[in-house]
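Listed below, chain by chain, are the residues.
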Amino acid sequence: MMQIYLLSIAYLLLGAGILLSDAYGGRYALLLSLRYLFRTNRFFLKVLIIIGFALSLALGFFPMAPGPRLLGDLIPMANTLLLTIWYAFHALRHSDEDDQVQEKSVLEATGQYFEKNKRNLGIITSIVALLHFLVPMSVLL
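Please read all numbers here as calculations on a predicted model, not as lab measurements.

A. Representation of the overall build of the chain within the structure. Across its full length, the chain holds seven helices and zero strands. Order of helices (α) and strands (β) in the chain, N terminus to C terminus: α-α-α-α-α-α-α. For the chain, the proportion of its 141 residues judged to be buried stands at 35%. Across the chain, the fraction of contacts at a sequence separation of at least 24, relative to all contacts at a separation of at least 6, is 72%. When the accessible surface of the chain is totalled, it reaches about 8,800 Å², and 70% of it is carbon and sulfur.

B. Geometry of the side chain of Thr84. You can see Thr84 is positioned in helix H5 (residues 74-93). Residue classification places Thr84 among the buried residues on the basis of a relative accessible area of 0%. If we skip the residues at most four places from it in the chain, Thr84 touches Tyr11, Ile49, Gly52 and Phe53.

C. Expanded view of the packing of helix H1 (residues 2-19) against helix H3 (residues 29-40). Running from N to C, H1 and H3 point in directions that differ by 90°, and their axes come no closer than 8 Å. Comparing the axis directions of H1 and H3 gives the class roughly perpendicular. Contacts from Leu14, Gly17 and Ile18 of H1 reach H3 at Leu31, Leu34 and Phe38. Here the residues of the contact of H1 with H3 are counted per class, giving five nonpolar, one polar and no charged.

D. Structural detail: the nonpolar core. Residues Tyr11, Ile18, Phe38, Leu45, Leu48, Leu83 and Tyr87 are the most contacted members of the largest nonpolar core, which totals 20 residues. Among the elements that make up this core, the one with the highest residue count is helix H4 (residues 42-61) (seven residues). Look past the residues within four positions of Leu45 in its chain and what remains in contact with it is Phe38, Tyr87, His90 and Ala91.

E. The arrangement of the pattern of salt bridges in detail. By the definition in use, this model includes three salt bridges. Here Asp22 and Arg39 are joined by a salt bridge, their closest N and O atoms 3.0 Å apart. Within this pair, whereas Asp22 is found in helix H2 (residues 21-24), its partner Arg39 is found in helix H3, the two being separated by 17 residues in sequence. Between Lys118 and Asp22 there is a salt bridge whose closest N-O contact spans 2.4 Å. One end of the pair, Lys118, is in helix H7 (residues 111-134); the other, Asp22, is in helix H2, and 96 residues separate them in sequence. Using a relative accessible area of 15% as the deciding quantity, one classes Lys118 as buried. Given the relative accessible area of 25%, Asp22 is considered partly exposed. In the salt-bridge network here, residues are joined through shared partners; they are Asp22, Arg35, Arg39 and Lys118.

Conventions we followed
Residues numbered from 1 in each chain as written. Predicted model: local features only at pLDDT ≥ 70, side-chain atom pairs only at ≥ 80, totals over all residues. Heavy atoms only, no water. Helix = DSSP H or I, 4+ residues; strand = E, 2+ residues; numbered from the N terminus. Buried < 20%, exposed > 50% of the residue type's maximum accessible area, 1.4 Å probe, protein only. Contact = heavy atoms within 4.5 Å. Areas by Shrake-Rupley, 256 points an atom, 1.4 Å probe, with all protein chains shown as cover. Axes fitted to C-alpha atoms, helices over the stretch in contact; angles between N-to-C directions. Parallel < 35°, antiparallel > 145°, perpendicular 65-115°, else oblique. Nonpolar A, V, L, I, M, F, W, Y, C, P; charged D, E, K, R; others polar. Core = buried A, V, L, I, M, F, W, Y, C linked by side-chain atoms within 4.5 Å. Salt bridge = Lys/Arg side-chain N within 4 Å of Asp/Glu carboxyl O.

Interpretation in functional terms is not warranted from these geometric data alone.
If you want it as C-alpha cells, here you go:
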C-alpha cells in the first residue's frame, strides 16, 4: 500500500525532526517550532502515539509490493515502533508532577548521555527514512 509507505516516511522524518531539535534547533527555526509544539501540545503528542501504533501495525502486515507478506518492512516498522514508545514514555513522564521531579534529578546526572543517544537515534531515524524513500527495493529483509 503506497499510502502507508508515504505516511511512514513522513512519520519517520517528523520523529527525526523532534529528536534532532535540541541538537540542531539553533540553526533551523522549524525544529524549534516543532520542539515547542511537541512539548506543549498534549493533543499533538497523543495523535503521534496513535498514528505511530497504527503505522507500525500497517507496516508489519502490509509491506511494499516486492517484499514478503509478513514483516516485509521490518526496519522501518521497528524504527516507527521505537519512536512511538519514546513518545509514550515522554507523555507518561510529563503526566505526573511527582515523578517529573524525581526524573529531573536523574536526567541532570546523566544529561549528556541521554542527549547524545537522542541525537544518534534522530540521525538513525533520518537515515532509515531516506533509505526507505530513495531505495525502497533494498530495504527488504
